[in-house]
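Summary of the model geometry
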2 protein chains.
Amino acid sequence: MPTPHYGQPRYRAIAAELRQRIESGAIPPGTLLPTEGALTAEFRASRGTIRQAIAVLREEGLASTEHGRGTYAMPHARLPESGKPSDLETRKREVAANEELASLFGVEAGETLIEHESITRRDGRTEIVVRSYRIHQSRQ
Amino acid sequence: MPTPHYGQPRYRAIAAELRQRIESGAIPPGTLLPTEGALTAEFRASRGTIRQAIAVLREEGLASTEHGRGTYAMPHARLPESGKPSDLETRKREVAANEELASLFGVEAGETLIEHESITRRDGRTEIVVRSYRIHQSRQ
DNA sequence: AGAAATTTGTCCGTATGTATC
DNA sequence: AGATACATACGGACAAATTTC
């Protein structure tokens, strides 16, 4: 097969498709992407090209790969969402920093942190729980 | 040639050598690195491996590549640059489920969970800590 | 505990496209 | 236009980590 990459190269097109699946919630944070072999079959691309596409997502922070295990979708900055994936539940609350978190943020233990939690359920079972922590006030 | 990468993989060893040349001044900032072809000959490695090595340097900010031109050595500012490069640190560990998590997953408290943690730092400060939890056993 | 299967990591060689000199 | 240099893509082989049986 020749190698015509007019406009967008193949690996970027594939990366765009996978990015869309992650950001749309089709592949929830914490779950595994299809294997390189599966993607090779689906997109009819070589493994090298698939790996290049996944590398793009890794650099964007949208995916994380583990040797022998697979590639996980990572929690992404969620924009204001009105329509939700039916099996995703989120909430926000304030928590007091324990020693470990306080040390990470460089604050006193007991300081208030903002916790965001998202719970993904599949077939009625809890599949993944994601929690993020930020400093309360922060200037950003 | 087979593919024995005991200890350090080939591309990382090559990256280390090139990094040393840049930081030592052997390849001054602003000048071009040897071409991929030349490096292929020098290190007796395939072009793909050479490109992998250069990619490492690019991610470190030590090199910058231009299509059709070559790869430039960049001034190595080792000091914390303001802003952009947010640093991401990740780890995985096994934790015992507390009451709350156990209840979410429908297991006994004390059950083993897999925790993924990623810490984003910007300007030397911890910006956000994300933790995901899932059951230890088999996957979806 | 150990073997087999699965999945990602590394490396090679080759061919062709695209940008720069 | 021609030469040079990086970009993209394919296919194959073996290594290493993880999971499954």
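Our structure is the block above this text.
What comes next is a walk through the structure. Every value quoted in this text rests on a predicted model; they were computed, and no experiment measured them.

**A short note on helix α1 (residues 10-24) of chain A**
Residue and element names in this part refer to chain A.
- Between its terminal C-alpha atoms α1 stretches 21 Å, which fits the 21 Å expected from 15 residues at 1.5 Å a residue.
- All of the buried residues along α1 are Y11, I14, A15, L18, R21 and I22. Taken end-on, α1 shows its buried residues confined to a sector of 120 degrees, consistent with a single buried face.
- Contact partners of the buried residues in α1: α2 (36-43), α3 (47-59) and β2 (70-73).
- Positive phi appears at G25, one or two residues downstream of α1, with a value of about 95 degrees.

**Looking at the pattern of salt bridges**
- Using the criterion set out here, one finds 13 salt bridges over all chains in the structure.
- Residue E36 of chain A is joined to R51 of chain A by a salt bridge in which the shortest nitrogen-to-oxygen separation is 2.9 Å. Within this pair, whereas E36 of chain A is found in helix α2, its partner R51 of chain A is found in helix α3, the two being separated by 15 residues in sequence.
- Ionic pairing is found between R131 of chain B and E100 of chain A, a salt bridge with its closest N-O pair at 3.7 Å. Highlighted residues: R131 of chain B in strand β5 (residues 125-135) and E100 of chain A in helix α4 (residues 99-105), drawn from two different chains.
- We classify R131 of chain B as buried; its relative accessible area is 5%.

How each quantity is defined
Residues numbered from 1 in each chain as written. Chains lettered and ligands numbered in written order. Predicted model: local features only at pLDDT ≥ 70, side-chain atom pairs only at ≥ 80, totals over all residues. Heavy atoms only, no water. Helix = DSSP H or I, 4+ residues; strand = E, 2+ residues; numbered from the N terminus. Expected span 1.5 Å × (residues − 1). Buried < 20%, exposed > 50% of the residue type's maximum accessible area, 1.4 Å probe, protein only. Arc of directions from axis to C-beta. Contact = heavy atoms within 4.5 Å. Salt bridge = Lys/Arg side-chain N within 4 Å of Asp/Glu carboxyl O.

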